[in-house]
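This is what each chain is made of:
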Amino acid sequence: MTAEPAAELHTIIDLIRYGASRFNAAGLTFGHSHDNALDEATHIVLHTLHLPPDIGPAYGQARVTTEEKAEVLALFKRRIEERIPAAYLTGEAWFAGLSFKSDRRALVPRSPIAELIESGFEPWLGGRPVHRALDLCTGSGCIAIAMAHYNPDWHVYGIDISDDALALANENKERLHADNVHFLKSNLFEGVLGTHYDLIVTNPPYVTNAETDALPREYSYEPELGLRAGDDGLDLVLKILRDAPLHLSQEGLLICEVGESERALVRLLPDVEFVWIEFKVGQMGVFAVECSELIVHHPRIRELADARA
């Protein structure tokens with residue numbers, strides 16, 4: 001980024017447009033909260049200027065100071081040269097309308113499950129009451145905290161195997177004053193034996209070994225523990241399906257994100273009635289399944305899960 005074009009940038013919209021153009025020209029990879037250069041440039045600019053993400057378009061013509069412009073351009077430079085995700089550069093990611101602290105201790109919040117949280121998990125819950133909910137593989141705590149925020153009468157629990165992720169999750173709990181959420185360390189369900197939940201939501205690792213090895217540089221900043229999940233991406237998912245009935249109430253519901261591993265899961269368990277959820281942008285590899293359905297197919301699920309290391 002030379003000084004000459006930078007000297008011609010005067011307004012917020014100038015900076016956003018310039019950043020998006022430079023990101024596209026550099027061939028950056030997107031997918032950490034934002035899926036395109038324009039949204040990512042907007043995130044960086046507005047965060048640096050201490051402005052909310054929903055600011056009105058009229059402010060686009062507001063002029064920036066020389067110091068503000070320098071701060072924005074410095075982040076643009078790092079984004080391009082170091083390929084660091086924008087959320088890690090700014091230390092902030094928005095999820096379900098909430099601002100979360102984001103750093104390399106956990107994956108950048110970006111699950112489509114945010115849309116389900118904001119819609120109250122309807123129509124999949126079907127109006128059934130939820131007293132206790134679990135976010136399995138909580139990472140930054142974004143799913144658990146968002147569930148607790150929008151459902152203050154729920155008791156929400158988030159569990160993860162990573163001490164670093166849990167530390168970040170607790171910082172986000174304090175940041176968002178989520179008093180009805182509690183985090184604890186556990187390898188999947190091992191630390192909550194005998195405990196039952198009306199709703200279990202999980203966004204576990206589901207990226208295949210081959211896909212993990214081929215991920216663009218942006219993903220190298222995230223903990224591999226939150227991504228890699230075996231040759232078909234289902235090493236953890238199958239264990240979750242096997243053990244979930246022991247932790248769901250009789251009418252309980254499991255919602256799970258498997259991304260591109262959806263096809264592999266359907267091939268392995270063609271008789272299980274997974275309900276693949278349609279989002280505003282279409283299917284995104286997230287399913288809902290009833291506890292009763294998992295019990296019916298438990299023998300086959302257990303066989304597959306037990307065969308995994």
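The notes below deal with the structure included here. Computed from a prediction, not measured in an experiment: that's the story for all the values here. (Residues numbered from 1 in each chain as written. Predicted model: local features only at pLDDT ≥ 70, side-chain atom pairs only at ≥ 80, totals over all residues. Heavy atoms only, no water.)

**What to know about the packing of aromatic side chains**
- Here the structure, examined in full by the defined rule, presents seven aromatic pairs.
- When the centroid spacing of 6.2 Å and the interplanar angle of 75° are considered together, the rings of F95 and F100 count as edge-to-face. For the pair shown, F95 and F100 are each scored as buried.
- Ring pairing ties together the aromatic residues F274, W276 and F287, which thus form one cluster. (Phe/Tyr/Trp six-rings, centres within 6.5 Å; stacked < 30°, edge-to-face > 60°. Buried < 20%, exposed > 50% of the residue type's maximum accessible area, 1.4 Å probe, protein only.)

**A few points about the pattern of salt bridges**
- Across all of its chains, the model carries 19 salt bridges by this definition.
- E224 serves as the salt-bridge partner of R228, at 2.9 Å between the closest nitrogen and oxygen.
- E303 is paired through a salt bridge with R300; the nearest N and O atoms lie 3.2 Å apart. Of this pair, E303 and R300 both sit in helix 13 (residues 298–306), three residues apart, which is roughly one turn of the helix.
- A relative accessible area of 37% places R300 in the partly exposed class. (Salt bridge = Lys/Arg side-chain N within 4 Å of Asp/Glu carboxyl O. Helix = DSSP H or I, 4+ residues; strand = E, 2+ residues; numbered from the N terminus.)

**Some points on the packing of helix 10 (residues 235–243) against helix 13**
- With their axes 8 Å apart at the nearest point, helix 10 and helix 13 run at an angle of 145° to one another. Relative to helix 13, the crossing made by helix 10 is left-handed. Residues L238, K239, L241 and R242 of helix 10 pack against H298, I301, R302, L304, A305 and D306 of helix 13. (Axes fitted to C-alpha atoms, helices over the stretch in contact; angles between N-to-C directions. Left-handed = near helix turned anticlockwise from the far one by under 90°. Contact = heavy atoms within 4.5 Å.)

**Considering the packing of helix 2 (residues 12–26) against helix 4 (residues 66–82)**
- Interaxial distance between helix 2 and helix 4 falls to 10 Å at its minimum, and their mutual angle equals 15°. Relative to helix 4, the element helix 2 lies roughly parallel. The interaxial crossing formed by helix 2 with helix 4 has right-handed handedness. In contact with L15, Y18, G19, R22, F23 and A26 of helix 2, helix 4 contributes K69, V72, L73, F76, R79 and I80.
- Considered class by class, the residues forming the contact of helix 2 with helix 4 number eight nonpolar, one polar and three charged. (Parallel < 35°, antiparallel > 145°, perpendicular 65-115°, else oblique. Nonpolar A, V, L, I, M, F, W, Y, C, P; charged D, E, K, R; others polar.)

**As for helix 8 (residues 163–175)**
- For helix 8, which comprises 13 residues, the first-to-last C-alpha distance of 18 Å matches the rise-based estimate of 18 Å (1.5 Å per residue) to within 8%.
- Those residues of helix 8 lying buried are A165, L166, L168, A169, N172 and K173. End-on, the buried residues of helix 8 take up no more than an arc of 160°, which puts them together on one face.
- Where helix 8 is buried, its residues contact strand 2 (98–101), helix 7 (142–150), strand 4 (155–160) and strand 5 (181–185).
- Sitting at the head of helix 8, S162 places a side-chain oxygen 3.3 Å from the backbone nitrogen of D164. (Expected span 1.5 Å × (residues − 1). Arc of directions from axis to C-beta. Polar contact = N/O pair within 3.5 Å; in protein donor to acceptor, adjacent residues only side chain to side chain.)

**Description of the side chain of E218**
- In this fold, E218 is placed in the loop between helix 9 (209–213) and helix 10.
- Polar side-chain contacts of E218 include one of 3.1 Å to the side chain of R79.
- The residues touching E218, leaving out its near neighbours within four places in the chain, are L28, T29, H32, R79, R83 and P85.

**Points about the nonpolar core**
- Core analysis: the biggest nonpolar cluster contains 35 residues, and F95, F121, M147, W154 and L199 have the highest contact counts within it.
- The element contributing the most residues to this core is helix 7, with seven residues.
- Setting aside chain neighbours within four positions, we find W154 in contact with F121, L125, V130, H131, A133, M147, N180 and L199.
- Listed in part, the 33 residues of the second largest apolar core include V192, L238, A244 and L248. (Core = buried A, V, L, I, M, F, W, Y, C linked by side-chain atoms within 4.5 Å.)

**Some points on the sheet that holds strand 9 (residues 282–290)**
- Read from one edge of the open sheet, seven strands run 5-4-3-6-7-9-8, paired in mixed fashion. Whereas interior strands pair on both sides, the edge strands pair on one side only; in this sheet they are strand 5 and strand 8 (275–279). Strand after strand, the sheet turns through a mean of 20° between neighbouring axes, direction not considered.
- Note: strand 3 (residues 132–136) against strand 6 (residues 197–202), four bridges, orientation parallel. What sits directly across from A133, in strand 6, is L199.
- Across the face of the sheet, helix 10 comes into contact with strand 3, strand 6, strand 7 (248–257) and strand 9 while running at roughly 170° to strand 7. (Pairing = 2+ DSSP bridges.)

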